[in-house]
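These are the residues of each chain, in order.
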Amino acid sequence: MWLSNAGTLGLVWIALALVLALLRRQPSLLLLVVAADGLADGLARAVKAVVDRPRPPVRYAKPEPLVAVPHDHSFPSGHAATSFACATILATAVPRLAVPLYVLAAAIAFSRVYVGVHYPLDVIGGAALGLAVATALRLLAADLPRSRRARRSG
């Protein structure tokens, strides 16, 4: 249950990003993780509104969930989306931490199934969404310096 709580709002990822940004003297890392967290969360909420899949406790009386059941829909998992988006951004910046970062992301995602508020497909969909968000942000961030140079020289 504590993993599920740790993943709420992506705060564990923002804390990790803050520490790594300070240690590496790279404030842009914190900014990129905050952007990934917010974008993944927003997109997950938008998809939930469209897909309209009820959560397991709404559909089945047993087993009872171990945490309070969120009032929004089930697919995709916002915890999985934010966790995989942030883990991907951090793993790209600090490759030697990739395995523990992805293990943490997977554990947070799995915790949502364990506590009874998501189906496995919800967290798989959330993880895929998070990976897509991080990939798009990485490409955008990599392209920004090139477009600035092009404007200066043009």
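In this text the structure is predicted, and so the values were computed from the model without any measurement.

### Quick look at the environment of Gly130
(1) Moving on: As for its position among the elements, Gly130 is in helix H7 (residues 120-153).
(2) Moving on: Given the relative accessible area of 0%, Gly130 is considered buried.
(3) Moving on: Separated by 43 residues in the primary sequence, Gly130 and Ala87 have C-alpha atoms spaced 8.9 Å apart.
(4) Moving on: When near neighbours in sequence (up to four residues on either side) are disregarded, Gly130 contacts Ala81, Phe84 and Ala85.

### Some thoughts on the pattern of salt bridges
(1) Moving on: Taken as a whole and assessed by the stated rule, the structure comprises two salt bridges.
(2) Moving on: Of the charged contacts, one joins Asp41 and Arg45 as a salt bridge, the two residues approaching to 3.0 Å between their closest N and O atoms. Of this pair, Asp41 and Arg45 are both found in helix H3 (residues 27-51), four residues apart, which corresponds to roughly one turn of the helix.
(3) Moving on: Under the relative-accessibility criterion, Asp41 is labelled partly exposed at 23%.
(4) Moving on: Classification of Arg45 by relative accessible area gives partly exposed; the value is 47%.
(5) Moving on: Salt-bridge contacts for Arg53 lead to Asp122; the nearest nitrogen and oxygen are separated by 3.2 Å.

### Considering the nonpolar core
(1) Moving on: Ranked by size, the top nonpolar core spans 31 residues in total, and within it Trp13, Leu29, Val33, Ile89, Leu90, Leu101 and Val133 carry the most contacts.
(2) Moving on: Elements with a minimum of two residues in this core: helix H2 (11-24), H3, helix H5 (78-93), helix H6 (98-114) and H7.
(3) Moving on: Top element by residues in this core is H5. It accounts for 10 residues.
(4) Moving on: When sequence neighbours within four positions are dropped, the list of residues in contact with Ile89 reads Leu29, Leu32, Val33, Ala36, Ala134, Leu137 and Arg138.

### Some words on the side chain of Thr88
(1) Moving on: Considering the arrangement of structural elements, one finds Thr88 in helix H5.
(2) Moving on: Discounting residues that sit within four places of it in the chain, Thr88 has contacts with Tyr102, Leu131, Ala134 and Arg138.

### Focus on H2
(1) Moving on: Between the first and last C-alpha of H2 there are 20 Å, a value that for 14 residues agrees with the 20 Å anticipated at 1.5 Å per step.
(2) Moving on: Within H2, the full set of buried residues consists of Trp13, Ala17, Leu20 and Ala21. Down the axis of H2, the smallest arc covering the buried residues is 100°, so these residues share one side. Exposed residues on H2 whose side chains face more than 90 degrees from its buried face are Leu22 and Leu23.
(3) Moving on: Looking at the buried positions of H2, the neighbouring elements they touch are H3, H5 and H6.
(4) Moving on: Where H2 ends, the next residue or the one after it, Arg25, has phi of about 50°, a positive value.

### Comments concerning unusual backbone geometry
(1) Moving on: Although it is not a glycine, Arg25 adopts a positive phi angle of roughly 50°.
(2) Moving on: Relative to the helices and strands, Arg25 resides in the loop between H2 and H3.
(3) Moving on: Using a relative accessible area of 76% as the deciding quantity, one classes Arg25 as exposed.
(4) Moving on: Although it is not a glycine, Asp52 adopts a positive phi angle of roughly 60°.
(5) Moving on: Mapped onto the elements of the fold, Asp52 is located in the loop between H3 and helix H4 (56-59).

Thresholds, definitions, all that
Residues numbered from 1 in each chain as written. Predicted model: local features only at pLDDT ≥ 70, side-chain atom pairs only at ≥ 80, totals over all residues. Heavy atoms only, no water. Helix = DSSP H or I, 4+ residues; strand = E, 2+ residues; numbered from the N terminus. Buried < 20%, exposed > 50% of the residue type's maximum accessible area, 1.4 Å probe, protein only. Contact = heavy atoms within 4.5 Å. Salt bridge = Lys/Arg side-chain N within 4 Å of Asp/Glu carboxyl O. Core = buried A, V, L, I, M, F, W, Y, C linked by side-chain atoms within 4.5 Å. Expected span 1.5 Å × (residues − 1). Arc of directions from axis to C-beta.

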